[in-house]
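# Secondary and tertiary structure notes
Each chain, letter by letter, is given below.
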Amino acid sequence: MSRNPARPLRKPISAALAPEEQAALALLHLEKGRFRDAIDCYKTLLKTGQRPEWLAGLASAYAGRAQALADKGMRREAIELWRSRAEVCHTALWEGPYAGWLMAEGRMSEVLGDLSRRRAASDGKADDGLAALEAQLAPGLLSADDAALKQLPAGSLLLQHRPLALAALAAYARQDAAALEEALAGISFRSPYRDLRSLLKAMALWETDREAARAAIERVPRTSPFEPLAAPLRSVLASGSERLQHWVRLNGSQQLIALDLLGCPRTWAPLLQALAAAKADLAPTELFDLVQRNARVLPEALATRVWQWLAPWAQRRGCASPLIFGKPSRAHQECATALAVEIKGEFGHAEEHWLDAVDLLASSKDTDDRLRAAMVLRHMATRKKHLSREGMLDKAGAGYLTRSLEFDASDCDVHVRLVAYWRHHGDLKKARERLDAGLSLFPDSAALLGEAVETALATSAFKKAATTARRLLALDPLNRKVRTLLGNAHLSHAGKHIAAGKLEPAKKEIEEARSWLGAAAEQGRLQLLLAWTEAQGSPERLRLAQLAVTTWGGGLAAGWRLLREAQGIFARVDLASANWLLSEAGIDSAKALAPADVLELVQVLEQEAPVARKGAAPLAPWRKALAALASAPLFDAETTVRICEAWSSHKEHDLLEKFATAARKRWPDWPVFVYHAVAARFGKTGGIATERDFDDLERAGKLAQKNKDFKLNSRIEALFEADDPGPDFDDSHPMEGPPLQVLQALREMLEQTIMMDGGKSFLKKARDSFGDALIRQLEKECGGDKKAFFGRLIELTMAEMARPFGQPFQPATIINKAAPAKPIAPAQGQESLFDE
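### Considering the overall build of the protein chain
A tally of helices and strands in the protein chain yields 44 helices and zero strands. Scored against the burial criterion, the 836 residues of the protein chain give a buried share of 42%. Across the protein chain, every contact between residues at least 6 apart in sequence was considered, and the portion connecting residues at least 24 apart equals 57%.

So this is what it looks like as structure tokens:
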């Protein structure tokens, strides 16, 4: 049987210790907060003699012990101990917290009696101690009875200003600003109620000006007798998560005052206390459970909003039980489910839920719901899945943004993105239509005007581009991008004149561009075009060409810029012409290349957009030297990825294949190099030529998905799609013939596809459509019979395709001796195999 351990007995103070040792021991007890031991030590010392420092130490020990008792709620014992301190140590009784303890015990008359005696003894002279005592008495006197008030002298400020303080409190309670201001004006800065004046001003400002209220409350000292009333306001003025921590440290009455200031029901107190007591790293599901236990005190609208915030993070208890608290609509439930699935990383599945949510929100007549539908579509469009490395939308993303404009056309960025999308894809008619629609809503948008300049340049409308650019510069004089666009527009026009042999108009365009361009790359281009307006072999031509190369920094990168510019102007630049142009500019293409040259070139390739080639590629003079560097271990993995991306963006397929193939050997667990190697061969042949490449790319896709590299995985998916785009079921080109004949034609098409590649592409698309779980179930049921497996998969696909025609499709009979076909039972809670 367990027993509580006996309380250790205090060791008696040994009288054999020298006074100095006892004094040191007493001081140690005092510093450590062991006040009882310190009192015993000092009493023992004082028996040997009266020293001022020992008496002061005993007074400090008594004061510490009394305060500790008061903090525990033992104020009566603290009062008695304080009186003992005054008697033994000859200290003043009415100092420190003594008067406060008496008032807390309801012994106001004793305090007032002492105040009257001391006021009479002071004979009207200023006394800081009396002023402090009066300020300490002020809060209690606001609720004192007449008997207590009669103990005060008639000239006491406590008595004179008490009606003003009560009037100010009443005016604040009835929200009478004029009466409050009038009452507070009568309370002077010498009044015992001066802190109440500052406090009431801060509380009045709380409703209208939070910053002014914060400044006003700081003028109330934290040691003020009115601090118990100021503390709730301090807590609600705290910022962020500190507010809840301040609030929970208040007592019960103060917490209710703080809730009143916030305009919250008092029934919220248990919920807030539970939130404050929770650990800082509380899991979302635990937070959901905590709110659920206290959700009955929340208004329905707020409970619904809280459910929307938390349910996606607690999917099993939140999204699966939408009415657990609050009343979310079907659209809200669908949005929460979509976000929950997105949080899990299943972006494709999440997109289906988002689209369902958009349909529900769009069917509502509520303006807020339609705005929310637009926001959901914009959220989907700006996912990484629908953006290229340069931030350009794909087809699906552009469709989402276009649809979002049906619900809300007030987002200028949507118009900008769509104009850029159509311009990037060469559909300048749609780009201009979208541009006109955007400018009708946002005529002074710098982003839209910038797109207008680029669209005009894409259609070779140089004058229109210059006019729009000047309009934009009037709105935004420091817009460097537009200045560059306008300068390059003049240079492009100059290039057309050079190609046509009109050298004088070309020089005028170049001079016009000079006032707009300032960067080194732009100045180099300007100098090169000016060189080509001079006669071949002339000293001025050679000087300007070499000056352009020097401005570009020389070397491989400058040579690439030169040949790239030449391809845009001259009819056809073969290898011999390229070497002649390089030698004219002082570049030796036979010079050995260093790794630094490659890195400089990659930096330039990342900055410049690809252009259509005419004749030899700009890197043709250095191709052999660059290929030799591919197999050398000169670059780390990250740098090699950059190099491969640069080759890929400018369609340097030979170099890309060599660098990616060498990198695969050095870093076999990096799937990005597998992708680049296969993509390079794809770029040269127009397809995935070998079974090995197909298998390697499939493994790389799985590894990218495992590494959560969704961008790389989507690029691999796009490469598979480009290799086998499959039939086009676009509604804009409807199939001819009766539905059953169409379905039979589709069946034959699928069977031919399986015969061509062994069913790999069809199986991959089936996994995307039906999910891995269903495919594995089919494989198990077919017992390894490949023919029966693909037959079942075709039937499943045809049943889904038959839905749009409204035909009851009859699947063909499949004979499988090893494993007879059995109907697939849907999973629990699943209405159909094609249900989400």
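The rest of the description comes next.
### A few points about the pattern of salt bridges
Considering all chains together, one arrives at 33 salt bridges under this definition. Across the salt bridge formed by Glu-454 and Arg-423, the nearest N and O atoms sit 3.4 Å from each other. In this pair, Glu-454 is assigned in helix α26 (residues 446-458) and Arg-423 in helix α24 (residues 412-424), connecting sequence segments 31 residues apart. The buried category is assigned to Glu-454, whose relative accessible area is 19%. One salt bridge in this structure joins Glu-584 and Arg-541, with 2.7 Å as the shortest N-O distance. Taken together, the positions of Glu-584 in helix α33 (residues 575-584) and Arg-541 in helix α31 (residues 539-552) put the pair 43 residues apart, joining distant regions of the chain. You can call Glu-584 buried: its relative accessible area is 6%. Salt bridges sharing partners connect three or more residues here, namely Asp-654, Glu-657, Arg-681, Lys-684 and Asp-693.

### Details of empty space enclosed by the protein
Counted by the stated rule, this structure contains one cavity of 30 Å³ or more. Approximately 60 Å³ is the volume attributed to the largest cavity. Lining of the largest cavity is provided by Glu-342, Phe-347, Ala-350, Glu-351, Trp-354, Met-380, Arg-383 and Lys-385. Of the residues assigned to the lining of the largest cavity, the class counts are four nonpolar, no polar and four charged.

### Notes on the nonpolar core
One broad rule of soluble globular proteins: the nonpolar side chains tend to lie buried together. Trp-532, Leu-562, Leu-619, Trp-622, Leu-626, Trp-647 and Leu-697 are the most contacted members of the largest nonpolar core, which totals 74 residues. It is helix α38 (residues 671-685) that provides the largest number of residues to this core, a total of nine residues. Leaving out residues up to four positions away in the same chain, Leu-562 has contacts with Leu-528, Trp-532, Val-549, Trp-552, Leu-581, Leu-582 and Ala-585. Residues Leu-141, Leu-199, Ala-202 and Leu-290 belong to the second largest nonpolar core, which totals 62 residues.

### Looking at unusual backbone geometry
Phi at His-90 takes a positive value of approximately 60°, unusual for a residue other than glycine. On the basis of relative accessibility, which here comes to 65%, the residue His-90 falls in the exposed class. With a phi angle near 60°, Lys-708 is a residue other than glycine that sits in the positive phi range. With respect to the helices, strands and loops of the structure, Lys-708 is situated in the loop between α39 (691-706) and α40 (710-723). A residue is classified by how much of its surface remains accessible, and Lys-708, at 62% relative accessible area, is exposed.

### As for the layout of surface pockets
When its volume is computed, the second largest pocket comes out at roughly 890 Å³. Lining the second largest pocket are 37 residues, with Gly-100, Met-103, Gln-136, Ser-224 and Pro-225 positioned closest to its centre. Going through the elements one at a time, α3 (52-71), α5 (98-104), α6 (108-122), α7 (128-141), α12 (194-205), α14 (227-237) and α16 (252-262) are the ones with two or more residues in the lining of the second largest pocket. It is α7 that contributes the most residues to the lining of the second largest pocket, seven residues altogether. Tallied by class, residues from the lining of the second largest pocket come to 21 nonpolar, eleven polar and five charged.

### Observations regarding the packing of aromatic side chains
Scanning the model with the defined rule gives seven aromatic pairs in all. Their ring planes at 25° and their centres at 6.0 Å tell us that Trp-670 and Phe-673 sit as a pair that is stacked. Linked through ring pairs, Trp-667, Trp-670 and Phe-673 together constitute an aromatic cluster. In this arrangement the basic side chain of Arg-85 is found over the ring face of Trp-82, its NZ or CZ atom lying 4.4 Å from the centre. It is Arg-210 that lies over the ring of Trp-206; its NZ or CZ is 3.6 Å from the centre.

### Comments concerning the confidence of the model for the protein chain
In the predicted model, the protein chain carries a mean pLDDT of 80, and 85% of its residues have values of at least 70. Across residues 726-738, confidence stays below pLDDT 50; counting only partners more than four residues off in sequence or on other chains, it has nine contacts. Every residue in residues 804-836 scores below 50 in pLDDT, and together they form 49 contacts with partners more than four places removed in sequence or on other chains.

### Description of helix α37 (residues 653-666)
Helix length check: α37, at 14 residues, gives a terminal C-alpha distance of 20 Å against a target of 20 Å (1.5 Å per residue), a fit within 8%. Those residues of α37 lying buried are Leu-655, Leu-656, Glu-657, Phe-659, Ala-660, Ala-662 and Ala-663. As for α37, its buried residues are in contact with α35 (623-630), α36 (637-649) and α38.

### Points about the packing of helix α21 (residues 347-362) against helix α22 (residues 367-381)
In contact at an axis separation of 8 Å, α21 and α22 are set at 160° when each is read in the N-to-C sense. As the angle between them shows, α21 and α22 are arranged roughly antiparallel. With respect to the hand of their crossing, α21 and α22 are arranged in left-handed fashion. On α22, the residues touching Glu-351, Trp-354, Leu-355, Val-358, Leu-361 and Ala-362 of α21 are Asp-369, Arg-370, Arg-372, Ala-373, Val-376, Leu-377, His-379 and Met-380. A breakdown of the residues in the contact of α21 with α22 according to their chemical character gives nine nonpolar, one polar and four charged.

### Re the side chain of Glu-565
Here Glu-565 lies in helix α32 (residues 555-569). For Glu-565, the side chain forms a polar contact with the side chain of Arg-525, separated by 3.1 Å. Excluding residues that lie within four positions of it along the chain, Glu-565 makes contacts with Arg-525, Leu-528, Leu-529 and Trp-532.

### Focus on the packing of helix α30 (residues 520-531) against α32
Where α30 contacts α32, the axes come no closer than 11 Å and their chain directions differ by 55°. Of the possible angle classes, the one that applies to α30 and α32 is oblique. In this structure, α30 crosses over α32, and the sense of that crossing is right-handed. Mapping the contact onto sequence places Ala-521, Arg-525, Leu-528 and Leu-529 in α30 and Arg-561, Leu-562, Glu-565 and Ile-569 in α32.

Conventions and cut-offs
- Residues numbered from 1 in each chain as written.
- Predicted model: local features only at pLDDT ≥ 70, side-chain atom pairs only at ≥ 80, totals over all residues.
- Heavy atoms only, no water.
- Helix = DSSP H or I, 4+ residues; strand = E, 2+ residues; numbered from the N terminus.
- Buried < 20%, exposed > 50% of the residue type's maximum accessible area, 1.4 Å probe, protein only.
- Contact = heavy atoms within 4.5 Å.
- Salt bridge = Lys/Arg side-chain N within 4 Å of Asp/Glu carboxyl O.
- 1 Å grid on protein atoms, 1.4 Å probe; cavity = no way out; pocket = protein on both sides within 12 Å on 5 of 7 lines; lining within 4 Å.
- Points joined across faces, edges and corners; volume = space filled by probe spheres on them.
- Nonpolar A, V, L, I, M, F, W, Y, C, P; charged D, E, K, R; others polar.
- Core = buried A, V, L, I, M, F, W, Y, C linked by side-chain atoms within 4.5 Å.
- Phe/Tyr/Trp six-rings, centres within 6.5 Å; stacked < 30°, edge-to-face > 60°.
- Lys NZ or Arg CZ within 6 Å of the ring centre and 35° of its normal.
- pLDDT = per-residue confidence, 0-100.
- Expected span 1.5 Å × (residues − 1).
- Axes fitted to C-alpha atoms, helices over the stretch in contact; angles between N-to-C directions.
- Parallel < 35°, antiparallel > 145°, perpendicular 65-115°, else oblique.
- Left-handed = near helix turned anticlockwise from the far one by under 90°.
- Polar contact = N/O pair within 3.5 Å; in protein donor to acceptor, adjacent residues only side chain to side chain.

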